[in-house]
Amino acid sequence: MGSLWLNMAWYDMSSEATMEFFPLTEPVLLILLSLAGQPRHGYSILKDVEQMSDGRVVLSTGTLYGALRRLLDEDWIERIEEQDSSRGRQAYRLTTRGRRNLQVEVGRMKQLTRLASLRIAGKQA
Amino acid sequence: MLTLSVYRHLLLLYPESHRDRFGEEMVSVFGEMQAEATGMGTGAQIGFYARETAGLMVGALREHWRSLGGGSIGLLFPRRRVTMHSAFRFPKATAVLMTIILAGVMVAIKQGEAIVASVPHVSQPVGTIHPVHSVLLGGIVQGIVFFYAAGMIGWAILFAMRRSGVHRLAETSGAPK
């Protein structure tokens, strides 16, 4: 019980400016997770999202670049200039802010799954 | 099929700022995906092209909405929590759209008046209107009687089975057995 409130307090004290985005939708969460490991360009993100979701989430280019535009505008990700930019490729990576927000969201999900496990097991949380 | 050339043309649906920023990348990524889809079955290819076309249409609509000041549509990021905010304000685009709609209605009314004025009055006198017996009223009454009878029969069956609302209420409000 104590840790639950502690975690909720931690969650509530996170940046107010970013709270409006939580909870993240699954496509955005998967895009951020894809960029958490390493910088990627658009096609690589699409394939990684598809792989992570076992083929359940397949993004179109329109959806992907709508999300990337918003994440860039919110400074959650940034562009990296690639040496081979002749093919119109641009790589993206998480910013510090994006990584922190991703951690907040993952923490929220962990808390939720922990609570769900307790409730399913019939214990009070 | 959606070739690169067609895809480039569909990108024109997007606002210019979005095209300048992401256009070449989107074409490049689409080219890679299309090359991969070529080796797939017909069904998978149809799914790919349908998804891309729909994604472009929806994405363009979303970007135009955003560029009008309407904010991001909650497909990627969910809308804010569903609570009532006293400080809620319509987006700026709403006022513009409402003005356009109002102007359209005004123009339509003016056009209608102009058409009415331009058509000569050629209607013949109707003459005396005689009351005609309508079968509609009889049909409505018959329908009501039929459904009422059906309801009564159904209720009687439930009453006989002690499953009617009266019995249920008695069971609920009665003392525990």
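Here, every reference points to the structure presented above.
About the cut-offs
Residues numbered from 1 in each chain as written. Chains lettered and ligands numbered in written order. Predicted model: local features only at pLDDT ≥ 70, side-chain atom pairs only at ≥ 80, totals over all residues. Helix = DSSP H or I, 4+ residues; strand = E, 2+ residues; numbered from the N terminus. Buried ≥ 20, exposed ≤ 12 C-beta atoms within 10 Å, placed from the backbone. Contact = placed C-beta atoms within 7 Å. Core = buried A, V, L, I, M, F, W, Y, C linked by C-beta atoms within 7 Å. Expected span 1.5 Å × (residues − 1). Pairing = 2+ DSSP bridges. Nonpolar A, V, L, I, M, F, W, Y, C, P; charged D, E, K, R; others polar.

Before going further, it helps to examine the overall build of chain B. Each helix and strand in chain B was counted, giving six helices and zero strands. Reading chain B from its N terminus to its C terminus gives the helix and strand order α-α-α-α-α-α. Within chain B, the fraction of its 177 residues that count as buried is 11%. A fraction of 41% describes how many contacts in chain B between residues 6 or more apart in sequence connect residues 24 or more apart.

Formed by 29 residues in total, the largest nonpolar core has its most connected members in Ile31, Leu46, Leu64, Leu68 and Ile77 of chain A. For this core, the secondary-structure elements that each account for two or more residues are helix 2 (26-37), helix 3 (42-52), helix 4 (61-73) and strand 3 (91-94) of chain A together with helix 2 (16-38) and helix 3 (42-70) of chain B. With residues near it in sequence (within four places) discarded, isoleucine 77 of chain A still touches Leu35, Leu68, Leu71, Leu72, Tyr92, Arg93, Leu94, Thr95 and Gly98 of chain A.

Residue and element names in this part refer to chain B. Here helix 5 (residues 136-160) is 25 residues long and its end C-alpha atoms lie 36 Å apart, about the 36 Å a rise of 1.5 Å per residue gives. Along helix 5, only zero of the 25 residues are buried, which leaves the element largely exposed. Backbone geometry just after helix 5 places arginine 162 at a positive phi near 60°.

As a further point, take the sheet that holds strand 2 (residues 77-80) of chain A. Residues and elements named next belong to chain A. What the three strands build is an open sheet, ordered 1-3-2; its pairing is antiparallel. Every other strand in the sheet has two partners, leaving strand 1 (40-41) and strand 2 as the edge strands with one partner each. Here strand 1 runs beside strand 3; their pairing, made up of two bridges, is antiparallel. In the strand pairing of strand 3, arginine 40 is matched with tyrosine 92.

Taken residue by residue, the interface counts 25 residues in chain B and 23 residues in chain A. Where the side of chain B that touches chain A is concerned, the elements lending two or more residues are helix 2 and helix 3 of chain B. Take the side of chain B that touches chain A: its biggest share by element is 11 residues, from helix 2 of chain B. Across the side of chain B that touches chain A, the residue classes break down as 12 nonpolar, five polar and eight charged.

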